[in-house]
Amino acid sequence: MVRFVTGEMLSVKEVAGLLSVSPKTVYALIRSGIIKSHRVGAGRGVIRVSSKQLDTYLQSSESAPAVVENHSKPRRRKRLREIDLEN
C-alpha cells in the first residue's frame, strides 16, 4: 500500500535551521529513527522530512516544566570539629 505524504517536505538543512541544531545532528536523529524521513530521487537521492513528521518529533520531545517542591535552603553539612564524638 502506497501512502502519499501530505504537507511540506523539508531538507535536512531546513530542519536543522528550524531546530537550531547542526545538519549532522539531524542526520543522527534520522539514522536512529527518531525523526522519520524519505529518500527522494535516483541513486542515493536526497533526504526529505515532512513537516508532519517534524511536528510529531517536536511533540514527542516536549518536556514538562520542572516541579520544585521544596524552596528551603539546603542544610549545611557539619564540619568535623562540630561533630560531638562523646555521644
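Notes on the structure in this doc start here. Starting afresh in each chain, residues are numbered from 1 along the sequence in its written order. Per-residue local features are limited, in this predicted model, to residues with pLDDT of at least 70; the limit for side-chain atom pairs, both in listing and counting, is 80 or more; totals at the level of whole chains, interfaces and linings are taken over all residues. Derived side-chain values reflect all non-hydrogen atoms in the structure, with water molecules and hydrogen atoms excluded from consideration.

A helix here means a DSSP run of H or I that spans at least four residues, while a strand means a run of E at least two residues long, and both kinds are numbered starting from the N terminus. Scanning the protein from terminus to terminus reveals three helices and three strands. Along the protein, helices (α) and strands (β) appear in the sequence β-α-α-β-β-α when read from the amino end. Think of it in three bands: with a 1.4 Å probe and only protein chains considered, a residue is buried below 20% of the maximum accessible area for its type, exposed above 50%, and partly exposed in between. A burial count over the protein gives 16% of its 87 residues as buried. The contacts of the protein with a sequence gap of at least 6 include a subset with a gap of at least 24, amounting to 45%. Of the roughly 8100 Å² of accessible surface on the protein, 53% is carried by carbon and sulfur atoms. Any two residues having at least one pair of non-hydrogen atoms within 4.5 Å are treated as being in contact. Accessible areas in this description were obtained via Shrake-Rupley with a 1.4 Å probe; residue shielding takes into account the shown protein chains only.

Attention shifts here to the side chain of S11. Examined against the element boundaries, S11 turns out to sit in strand β1 (residues 9-11). Residue S11 is classed as buried on the basis of its relative accessible area, which comes to 16%. Aside from chain neighbours lying at most four places away, what touches S11 is I47 and R48.

Bear in mind that shape data such as this cannot, by itself, settle questions of function.
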